[in-house]
Amino acid sequence: MYGSERAGDDAERTAFRKSEKKYKLYYENNPKSSKKKKQPKQVDLSEVLDFKFISELFNQKGELPQGVVHVNCGFERSVFGLENRPGFYFIPGAVTLDEQCKWIRESLTNFPQPPNRTNHNVIYGPISNLFAAAKEGKIFVEGEKSDDDLDSDSSGSVSNGDCCRWTFHEEDIARSRGKTCKLVPASVLLRKLRWSTLGLQFNWSNRNYDVSLPHKKIPDALCQLAKRMAAPAMPVGEEFLPEAAIVNYFGSGDTLGGHLDDMEADWSKPIVSMSFGCKAIFLLGGKSREDEPFAMFLRSGDVVLMAGEARECFHGVPRIFTDEENAEITPLESQFSSEDDRCFLNYIRTSRININIRQVF
(Lines give C-alpha, C1' and ligand atoms only; values in the text may rest on other atoms or scores of the structure.)
Protein backbone atom coordinates (compact mmCIF):
# COMPACT_ATOMS: atom_id res chain seq x y z
CA MET A 1 0.00 0.00 0.00
CA TYR A 2 2.83 2.41 0.86
CA GLY A 3 5.07 2.68 -2.15
CA SER A 4 7.96 4.25 -0.28
CA GLU A 5 8.45 1.19 1.92
CA ARG A 6 10.57 -1.75 0.87
CA ALA A 7 9.23 -5.29 0.91
CA GLY A 8 12.02 -6.29 3.29
CA ASP A 9 10.75 -3.83 5.89
CA ASP A 10 7.42 -5.66 6.13
CA ALA A 11 9.17 -8.99 6.68
CA GLU A 12 10.92 -7.59 9.75
CA ARG A 13 7.73 -6.30 11.37
CA THR A 14 5.57 -8.20 13.82
CA ALA A 15 1.97 -8.97 12.93
CA PHE A 16 0.82 -6.31 15.38
CA ARG A 17 3.12 -3.68 13.88
CA LYS A 18 1.92 -4.51 10.37
CA SER A 19 -1.69 -3.87 11.45
CA GLU A 20 -0.69 -0.59 13.08
CA LYS A 21 0.92 0.55 9.84
CA LYS A 22 -2.06 -0.66 7.81
CA TYR A 23 -4.59 1.51 9.64
CA LYS A 24 -2.42 4.50 10.59
CA LEU A 25 -3.25 7.88 9.02
CA TYR A 26 -1.09 8.67 6.00
CA TYR A 27 -1.54 11.47 3.48
CA GLU A 28 -1.34 11.40 -0.31
CA ASN A 29 2.02 12.65 -1.55
CA ASN A 30 0.89 14.88 -4.41
CA PRO A 31 3.11 17.94 -5.07
CA LYS A 32 0.44 19.47 -7.32
CA SER A 33 -1.97 19.71 -4.41
CA SER A 34 0.56 20.99 -1.86
CA LYS A 35 -1.38 24.23 -1.44
CA LYS A 36 -4.65 22.41 -0.95
CA LYS A 37 -5.84 20.51 2.10
CA LYS A 38 -3.92 17.26 2.44
CA GLN A 39 -5.93 14.22 1.48
CA PRO A 40 -5.72 11.04 3.62
CA LYS A 41 -4.68 7.88 1.85
CA GLN A 42 -7.47 5.38 1.42
CA VAL A 43 -7.34 2.33 3.66
CA ASP A 44 -9.19 -0.97 3.41
CA LEU A 45 -11.57 -1.17 6.38
CA SER A 46 -13.39 -4.31 5.26
CA GLU A 47 -11.80 -6.47 7.97
CA VAL A 48 -12.57 -4.09 10.85
CA LEU A 49 -15.18 -5.47 13.25
CA ASP A 50 -18.16 -3.14 13.63
CA PHE A 51 -19.91 -3.99 16.89
CA LYS A 52 -22.62 -1.40 16.29
CA PHE A 53 -23.63 -3.28 13.16
CA ILE A 54 -23.09 -6.64 14.89
CA SER A 55 -25.40 -5.57 17.74
CA GLU A 56 -28.11 -4.42 15.34
CA LEU A 57 -27.88 -7.66 13.35
CA PHE A 58 -28.00 -9.77 16.51
CA ASN A 59 -30.99 -7.91 17.93
CA GLN A 60 -32.90 -8.22 14.66
CA LYS A 61 -31.97 -11.72 13.49
CA GLY A 62 -29.99 -13.37 16.27
CA GLU A 63 -27.03 -13.76 13.91
CA LEU A 64 -23.34 -13.21 14.70
CA PRO A 65 -20.19 -13.14 12.54
CA GLN A 66 -17.82 -16.07 12.88
CA GLY A 67 -15.63 -15.75 15.97
CA VAL A 68 -17.92 -13.28 17.76
CA VAL A 69 -19.98 -14.46 20.74
CA HIS A 70 -22.87 -12.95 22.68
CA VAL A 71 -22.24 -12.89 26.42
CA ASN A 72 -25.32 -13.87 28.46
CA CYS A 73 -24.75 -12.02 31.70
CA GLY A 74 -28.01 -10.20 32.40
CA PHE A 75 -26.47 -6.83 31.59
CA GLU A 76 -28.71 -3.92 30.55
CA ARG A 77 -27.24 -3.87 27.02
CA SER A 78 -25.90 -6.47 24.60
CA VAL A 79 -22.38 -7.61 25.48
CA PHE A 80 -20.09 -9.32 22.97
CA GLY A 81 -16.82 -11.19 23.13
CA LEU A 82 -14.36 -13.01 20.87
CA GLU A 83 -13.97 -16.79 20.90
CA ASN A 84 -10.17 -16.61 20.86
CA ARG A 85 -9.82 -13.78 23.39
CA PRO A 86 -11.34 -14.87 26.72
CA GLY A 87 -11.75 -12.01 29.16
CA PHE A 88 -12.45 -9.43 26.43
CA TYR A 89 -15.88 -7.78 26.40
CA PHE A 90 -17.30 -5.12 24.06
CA ILE A 91 -20.44 -3.16 25.00
CA PRO A 92 -21.53 -0.93 22.10
CA GLY A 93 -23.27 2.34 23.00
CA ALA A 94 -23.12 1.56 26.72
CA VAL A 95 -22.70 5.16 27.94
CA THR A 96 -25.71 7.44 27.44
CA LEU A 97 -25.37 10.65 25.44
CA ASP A 98 -25.86 12.81 28.53
CA GLU A 99 -23.15 10.87 30.36
CA GLN A 100 -20.81 11.19 27.37
CA CYS A 101 -21.18 14.98 27.42
CA LYS A 102 -20.66 15.10 31.17
CA TRP A 103 -17.38 13.16 31.06
CA ILE A 104 -16.09 15.08 28.05
CA ARG A 105 -16.56 18.30 30.03
CA GLU A 106 -14.96 16.80 33.12
CA SER A 107 -12.03 15.39 31.14
CA LEU A 108 -11.20 18.84 29.79
CA THR A 109 -11.91 21.06 32.79
CA ASN A 110 -11.45 19.11 36.02
CA PHE A 111 -9.46 15.93 35.41
CA PRO A 112 -6.21 17.72 34.37
CA GLN A 113 -6.34 19.93 37.49
CA PRO A 114 -3.54 19.57 40.09
CA PRO A 115 -2.73 17.55 42.07
CA ASN A 116 -3.68 15.18 39.24
CA ARG A 117 -0.68 14.77 36.97
CA THR A 118 -0.53 15.26 33.20
CA ASN A 119 2.14 14.85 30.53
CA HIS A 120 2.82 18.60 30.90
CA ASN A 121 4.11 18.25 34.48
CA VAL A 122 7.64 17.32 33.43
CA ILE A 123 8.24 20.55 31.51
CA TYR A 124 5.85 23.10 32.98
CA GLY A 125 4.93 21.80 36.41
CA PRO A 126 1.28 21.63 37.52
CA ILE A 127 -1.01 23.72 35.30
CA SER A 128 -4.37 24.89 36.62
CA ASN A 129 -7.33 25.87 34.44
CA LEU A 130 -5.71 25.00 31.11
CA PHE A 131 -9.01 24.63 29.28
CA ALA A 132 -10.28 27.99 30.56
CA ALA A 133 -7.01 29.66 29.57
CA ALA A 134 -7.23 28.19 26.05
CA LYS A 135 -10.84 29.35 25.74
CA GLU A 136 -9.80 32.89 26.76
CA GLY A 137 -6.81 33.01 24.40
CA LYS A 138 -4.23 33.18 27.20
CA ILE A 139 -0.50 32.71 26.65
CA PHE A 140 1.81 30.69 28.91
CA VAL A 141 4.90 32.77 29.68
CA GLU A 142 8.23 31.57 31.03
CA GLY A 143 9.76 33.93 33.53
CA GLU A 144 10.53 34.22 37.21
CA LYS A 145 7.43 35.01 39.26
CA SER A 146 7.51 38.22 41.21
CA ASP A 147 5.07 40.43 43.06
CA ASP A 148 5.25 42.89 40.15
CA ASP A 149 4.24 40.16 37.70
CA LEU A 150 1.25 39.18 39.74
CA ASP A 151 0.15 42.76 40.43
CA SER A 152 0.47 43.86 36.82
CA ASP A 153 -1.73 41.10 35.47
CA SER A 154 -3.75 39.77 38.36
CA SER A 155 -7.02 39.93 36.46
CA GLY A 156 -5.69 38.18 33.38
CA SER A 157 -3.40 35.56 34.81
CA VAL A 158 -4.38 31.98 35.47
CA SER A 159 -2.10 30.64 38.17
CA ASN A 160 -0.34 27.35 37.46
CA GLY A 161 -0.70 26.50 41.15
CA ASP A 162 3.01 26.29 41.84
CA CYS A 163 6.06 28.52 42.31
CA CYS A 164 7.53 27.52 38.96
CA ARG A 165 8.39 30.05 36.29
CA TRP A 166 5.47 29.57 33.93
CA THR A 167 2.28 31.65 34.25
CA PHE A 168 -0.71 32.50 32.06
CA HIS A 169 -1.15 36.07 30.84
CA GLU A 170 -3.35 38.03 28.46
CA GLU A 171 -2.00 37.97 24.92
CA ASP A 172 -0.96 41.64 24.75
CA ILE A 173 1.03 41.45 27.98
CA ALA A 174 2.57 38.12 26.98
CA ARG A 175 3.66 39.45 23.58
CA SER A 176 5.29 42.45 25.21
CA ARG A 177 7.52 40.07 27.13
CA GLY A 178 8.13 37.79 24.19
CA LYS A 179 11.56 39.21 23.37
CA THR A 180 12.99 37.90 26.64
CA CYS A 181 10.63 35.04 27.56
CA LYS A 182 9.41 31.85 25.95
CA LEU A 183 5.71 31.93 25.01
CA VAL A 184 3.31 29.04 24.49
CA PRO A 185 -0.36 29.65 23.63
CA ALA A 186 -2.69 27.83 26.01
CA SER A 187 -4.50 26.44 22.95
CA VAL A 188 -1.27 24.72 21.89
CA LEU A 189 -0.82 23.20 25.35
CA LEU A 190 -4.40 21.95 25.26
CA ARG A 191 -3.82 20.25 21.91
CA LYS A 192 -0.62 18.70 23.29
CA LEU A 193 -2.41 17.33 26.35
CA ARG A 194 -1.98 13.57 26.02
CA TRP A 195 -2.94 12.16 29.41
CA SER A 196 -4.08 12.97 32.91
CA THR A 197 -4.38 10.68 35.93
CA LEU A 198 -7.13 10.32 38.53
CA GLY A 199 -7.06 8.55 41.87
CA LEU A 200 -3.80 6.74 42.63
CA GLN A 201 -1.11 8.30 40.48
CA PHE A 202 0.88 6.19 38.02
CA ASN A 203 4.63 6.84 37.91
CA TRP A 204 5.52 6.55 34.23
CA SER A 205 9.28 6.50 34.90
CA ASN A 206 9.17 3.50 37.24
CA ARG A 207 5.98 2.00 35.75
CA ASN A 208 4.24 1.58 39.07
CA TYR A 209 1.65 3.28 41.25
CA ASP A 210 3.15 5.78 43.67
CA VAL A 211 0.79 5.94 46.65
CA SER A 212 2.87 8.78 48.13
CA LEU A 213 1.90 11.23 45.39
CA PRO A 214 -0.95 13.62 46.26
CA HIS A 215 -4.13 12.97 44.29
CA LYS A 216 -7.85 13.50 44.14
CA LYS A 217 -10.25 10.60 44.44
CA ILE A 218 -12.07 9.46 41.35
CA PRO A 219 -15.46 11.25 41.33
CA ASP A 220 -18.23 9.15 42.88
CA ALA A 221 -20.39 9.38 39.74
CA LEU A 222 -17.55 8.02 37.60
CA CYS A 223 -16.92 5.24 40.14
CA GLN A 224 -20.56 4.21 40.01
CA LEU A 225 -20.54 4.23 36.21
CA ALA A 226 -17.38 2.11 36.14
CA LYS A 227 -18.82 -0.38 38.64
CA ARG A 228 -21.94 -0.74 36.52
CA MET A 229 -19.97 -1.21 33.31
CA ALA A 230 -17.51 -3.67 34.89
CA ALA A 231 -20.24 -6.10 35.96
CA PRO A 232 -20.07 -8.47 32.92
CA ALA A 233 -16.37 -9.14 33.55
CA MET A 234 -16.40 -9.44 37.34
CA PRO A 235 -16.01 -12.72 39.25
CA VAL A 236 -19.33 -13.87 40.71
CA GLY A 237 -20.18 -12.15 43.98
CA GLU A 238 -17.44 -9.48 43.69
CA GLU A 239 -17.72 -5.75 43.05
CA PHE A 240 -15.30 -3.64 41.04
CA LEU A 241 -13.38 -1.12 43.18
CA PRO A 242 -12.15 1.85 41.07
CA GLU A 243 -8.85 3.11 42.47
CA ALA A 244 -7.05 4.74 39.54
CA ALA A 245 -7.85 6.09 36.11
CA ILE A 246 -5.88 7.34 33.13
CA VAL A 247 -7.52 9.76 30.71
CA ASN A 248 -6.02 9.71 27.20
CA TYR A 249 -6.52 12.55 24.73
CA PHE A 250 -6.17 11.96 20.98
CA GLY A 251 -6.15 14.36 18.03
CA SER A 252 -5.88 13.77 14.30
CA GLY A 253 -2.86 11.60 13.55
CA ASP A 254 -2.36 10.58 17.18
CA THR A 255 -1.88 6.90 17.96
CA LEU A 256 -1.42 4.65 20.97
CA GLY A 257 1.18 1.99 20.25
CA GLY A 258 0.74 -1.66 21.10
CA HIS A 259 1.25 -2.27 24.81
CA LEU A 260 0.16 -4.26 27.87
CA ASP A 261 -1.63 -2.90 30.95
CA ASP A 262 0.03 -5.18 33.46
CA MET A 263 0.88 -3.10 36.53
CA GLU A 264 -2.19 -3.91 38.63
CA ALA A 265 -2.01 -6.67 41.24
CA ASP A 266 -5.13 -8.65 40.33
CA TRP A 267 -5.69 -9.30 36.63
CA SER A 268 -9.00 -11.03 37.28
CA LYS A 269 -10.44 -7.51 37.72
CA PRO A 270 -11.13 -5.72 34.45
CA ILE A 271 -9.81 -2.51 33.03
CA VAL A 272 -12.92 -0.47 32.19
CA SER A 273 -12.28 1.59 29.06
CA MET A 274 -14.81 4.20 27.90
CA SER A 275 -14.60 6.07 24.58
CA PHE A 276 -15.84 9.60 23.89
CA GLY A 277 -15.66 11.74 20.77
CA CYS A 278 -14.41 10.79 17.32
CA LYS A 279 -14.48 7.20 16.10
CA ALA A 280 -11.26 5.19 16.34
CA ILE A 281 -9.81 1.82 15.39
CA PHE A 282 -8.79 -0.43 18.29
CA LEU A 283 -6.39 -3.35 17.83
CA LEU A 284 -6.59 -6.36 20.12
CA GLY A 285 -3.71 -8.75 19.65
CA GLY A 286 -2.58 -11.82 21.55
CA LYS A 287 0.07 -12.58 24.15
CA SER A 288 2.79 -12.06 21.55
CA ARG A 289 3.24 -9.22 19.09
CA GLU A 290 3.45 -11.94 16.46
CA ASP A 291 -0.23 -12.81 16.97
CA GLU A 292 -2.52 -11.33 14.33
CA PRO A 293 -4.67 -8.65 16.02
CA PHE A 294 -8.39 -8.10 15.65
CA ALA A 295 -9.28 -4.59 14.42
CA MET A 296 -12.54 -3.01 15.58
CA PHE A 297 -14.24 0.38 15.52
CA LEU A 298 -14.64 2.30 18.77
CA ARG A 299 -17.39 4.94 18.81
CA SER A 300 -18.38 7.51 21.38
CA GLY A 301 -20.16 5.72 24.22
CA ASP A 302 -18.61 2.29 23.59
CA VAL A 303 -17.11 0.40 26.53
CA VAL A 304 -14.36 -2.23 26.40
CA LEU A 305 -13.54 -4.54 29.33
CA MET A 306 -10.29 -6.51 29.57
CA ALA A 307 -9.90 -9.04 32.38
CA GLY A 308 -8.15 -12.35 33.02
CA GLU A 309 -6.32 -13.66 29.94
CA ALA A 310 -7.22 -10.53 27.96
CA ARG A 311 -5.00 -8.51 30.33
CA GLU A 312 -2.06 -10.35 28.75
CA CYS A 313 -2.99 -9.25 25.22
CA PHE A 314 -1.23 -6.47 23.35
CA HIS A 315 -3.57 -3.68 22.30
CA GLY A 316 -3.43 -0.18 20.85
CA VAL A 317 -5.14 2.55 18.83
CA PRO A 318 -3.60 3.19 15.39
CA ARG A 319 -6.23 5.56 13.97
CA ILE A 320 -8.63 8.36 14.92
CA PHE A 321 -11.20 9.51 12.35
CA THR A 322 -11.64 13.28 12.55
CA ASP A 323 -13.17 13.93 9.13
CA GLU A 324 -16.87 14.79 9.02
CA GLU A 325 -17.81 11.64 7.09
CA ASN A 326 -16.20 9.12 9.46
CA ALA A 327 -15.99 10.78 12.90
CA GLU A 328 -19.64 9.92 13.70
CA ILE A 329 -20.20 12.57 16.36
CA THR A 330 -23.50 14.06 15.12
CA PRO A 331 -25.31 13.20 18.40
CA LEU A 332 -22.60 14.99 20.38
CA GLU A 333 -22.83 18.01 18.08
CA SER A 334 -26.54 18.28 18.78
CA GLN A 335 -25.91 18.13 22.54
CA PHE A 336 -23.11 20.71 22.46
CA SER A 337 -25.22 23.22 20.54
CA SER A 338 -25.41 26.08 23.04
CA GLU A 339 -22.98 29.00 23.00
CA ASP A 340 -21.58 27.94 26.39
CA ASP A 341 -20.71 24.53 24.96
CA ARG A 342 -19.07 25.76 21.76
CA CYS A 343 -15.57 25.36 23.23
CA PHE A 344 -16.27 21.68 24.00
CA LEU A 345 -17.76 21.15 20.54
CA ASN A 346 -14.75 22.71 18.81
CA TYR A 347 -12.44 20.38 20.73
CA ILE A 348 -14.35 17.13 20.35
CA ARG A 349 -14.97 17.60 16.62
CA THR A 350 -11.34 16.65 16.02
CA SER A 351 -10.55 14.63 19.13
CA ARG A 352 -11.15 11.45 21.04
CA ILE A 353 -11.05 11.00 24.82
CA ASN A 354 -10.61 7.64 26.49
CA ILE A 355 -11.09 7.05 30.22
CA ASN A 356 -9.77 3.74 31.48
CA ILE A 357 -10.38 2.82 35.11
CA ARG A 358 -8.56 0.21 37.14
CA GLN A 359 -8.68 -1.62 40.44
CA VAL A 360 -5.05 -1.47 41.54
CA PHE A 361 -4.89 -3.69 44.63
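See the structure printed just above.
The present account deals with the structure reproduced in this document. These numbers were taken from a predicted model, which means no experiment stands behind them. (Residues numbered from 1 in each chain as written. Predicted model: local features only at pLDDT ≥ 70, side-chain atom pairs only at ≥ 80, totals over all residues. Heavy atoms only, no water.)

Details of the environment of Pro 219
Filter applied, for reference: For the purposes of this entry, the term helix denotes a DSSP run of H or I that reaches at least four residues, the term strand denotes a run of E that reaches at least two, and both are numbered from the N terminus.
The topology assignment puts Pro 219 in the loop between strand S9 (208-210) and helix H10 (220-230). Each C-alpha atom, one on Pro 219 and one on Gly 199, is 8.8 Å from the other, the two residues being 20 residues apart in sequence.

Focus: the pairing of strand S17 (residues 351-358)
Our working definition: Any residue under 20% of the maximum accessible area for its type is buried, any over 50% is exposed, and the rest in between are partly exposed; the area is computed with a 1.4 Å probe on protein chains only. We treat two strands as partners when DSSP finds at least two bridges between them.
Across the eight residues of S17, eight count as buried, placing the element largely inside the fold. On S17, burial covers both faces: Ser 351, Ile 353, Ile 355 and Ile 357 on one face and Arg 352, Asn 354, Asn 356 and Arg 358 on the other are all buried. Of the strand pairs in this sheet, strand S10 (residues 244-251) and S17 are connected by eight bridges, and their pairing is antiparallel. Bridge assignment links Tyr 249 to a residue of S17, and that residue is Ile 353. Where strand S12 (residues 271-277) and S17 come together, six bridges link them in antiparallel fashion. Across the sheet, the residue bridging to Met 274 is Ile 355, located in S17.

Digging into the nonpolar core
Short version of the rule: Definition used in this section: a nonpolar core is a set of buried Ala, Val, Leu, Ile, Met, Phe, Trp, Tyr and Cys residues joined via side-chain atoms within 4.5 Å. Residues count as neighbours in contact if any of their non-hydrogen atoms are within 4.5 Å of one another.
Counting 78 residues, the largest nonpolar core has Phe 88, Leu 222, Ile 353 and Ile 357 as its most contacted members. No other element matches H10, which puts six residues into this core. Excluding its chain neighbours within four sequence positions, the residues that come into contact with Ile 353 are Ile 104, Ser 107, Leu 108, Val 247, Asn 248, Tyr 249, Met 274, Ser 275, Phe 276, Tyr 347 and Ile 348. One finds Val 43, Ala 295, Phe 297 and Phe 314 within the second-largest nonpolar core, a separate group that totals ten residues.

Quick word on the sheet that holds strand S5 (residues 166-169)
The condition that has to hold: For helices, the axis comes from a line fit to the C-alpha atoms of the stretch in contact; other axes are also lines fit to C-alpha atoms, and the angle between any two N-to-C directions lies between 0 and 180 degrees.
If you trace the three strands from one edge of the open sheet to the other, you get S5-S4-S6, paired in antiparallel fashion. If you trace the sheet from one side to the other, it starts and ends with S5 and strand S6 (183-185), each paired once. If you compare each strand with its neighbour and ignore which way they point, the axes differ by 30 degrees on average.

Observations regarding the environment of Ile 246
Summarising the element assignment, Ile 246 is placed in strand S10. On the basis of relative accessible area, Ile 246 is assigned to the buried category, the value being 7%. In contact with Ile 246, not counting residues within four places along its chain, are Trp 195, Ser 196, Thr 197, Trp 204, Asn 354, Ile 355, Asn 356 and Arg 358.

Topic: the pattern of salt bridges
The criterion, for reference: Salt bridge, as used here, is a side-chain nitrogen of Lys or Arg placed within 4 Å of a carboxyl oxygen of Asp or Glu.
Counted by the stated rule, this structure contains 20 salt bridges. For Glu 76, the salt bridge goes to Arg 228, with nearest N and O atoms at 3.5 Å. Remark: Arg 228 occurs in helix H10 and Glu 76 occurs in the loop between strand S1 (68-70) and strand S2 (80-82); sequence separation between them is 152 residues. Note that Glu 239 and Lys 227 form a salt bridge whose closest N and O atoms lie 3.7 Å from each other. With Glu 239 in the loop between H10 and S10 and Lys 227 in helix H10, the pair connects residues that are twelve residues apart, well separated along the chain. It is possible to trace a salt-bridge network through shared partners that takes in Asp 50, Lys 279, Arg 299 and Glu 328.

Digging into the side chain of Glu 264
Our working definition: By the criterion applied in these results, polar contacts are pairs of N or O atoms within 3.5 Å in which, for protein atoms, one can donate a hydrogen and the other can accept it, and in which residues neighboring in sequence qualify only through two side-chain atoms.
For Glu 264, the position within the fold is in the loop between strand S11 (256-259) and S12. Only 2.5 Å separates the side chain of Glu 264 from the side chain of Tyr 209, close enough to count as a polar contact.

Observations regarding helix H4 (residues 97-109)
Selection rule: To estimate how far a helix should reach, multiply one less than its number of residues by 1.5 Å.
The first and last C-alpha atoms of H4 sit 19 Å apart over 13 residues, in line with the 18 Å expected at 1.5 Å per residue. Along H4, the residues that are buried comprise Glu 99, Gln 100, Cys 101, Trp 103, Ile 104, Ser 107 and Leu 108.

Quick notes on the packing of H4 against H10
Counted only if it meets this: Our angle categories are set so that under 35 degrees counts as roughly parallel, over 145 as roughly antiparallel, 65 to 115 as roughly perpendicular, and the remainder as oblique. Here a crossing is taken to be left-handed if its near helix is turned anticlockwise relative to the far helix by less than a right angle, and right-handed if that turn runs clockwise. Polar here means any residue outside two lists: the nonpolar Ala, Val, Leu, Ile, Met, Phe, Trp, Tyr, Cys and Pro, and the charged Asp, Glu, Lys and Arg; Gly therefore counts as polar.
In the contact formed by H4 and H10, the axes pass within 12 Å of each other and the chain directions differ by 130 degrees. Between H4 and H10, the angle is such that the two are oblique. Read as a crossing pair, H4 and H10 show a hand that is left-handed. Contacts from Glu 99, Lys 102 and Trp 103 of H4 reach H10 at Ala 221, Leu 222, Leu 225 and Arg 228. Among the residues forming the contact of H4 with H10, the class breakdown is four nonpolar, no polar and three charged.

Comments concerning helix H3 (residues 51-61)
Spelled out, the test is: Think of the arc as the fan of directions from the helix axis to the C-beta atoms.
Along H3, the residues classified as buried are Phe 51, Ile 54, Ser 55 and Leu 57. Projection of H3 onto a plane perpendicular to its axis shows the buried side chains occupying an angular sector of 165 degrees, all on one side. Facing away from the buried side of H3 by more than 90 degrees, the exposed set consists of Phe 53, Asn 59, Gln 60 and Lys 61. Of the surrounding secondary structure, the elements contacted by the buried residues of H3 are S1, S2, strand S3 (88-91) and strand S14 (294-298). Where H3 begins, the capping side chain belongs to Asp 50, and its oxygen is found 3.2 Å from the backbone nitrogen of Lys 52. At the exit of H3 stands Gly 62, carrying a positive phi of roughly 70 degrees.

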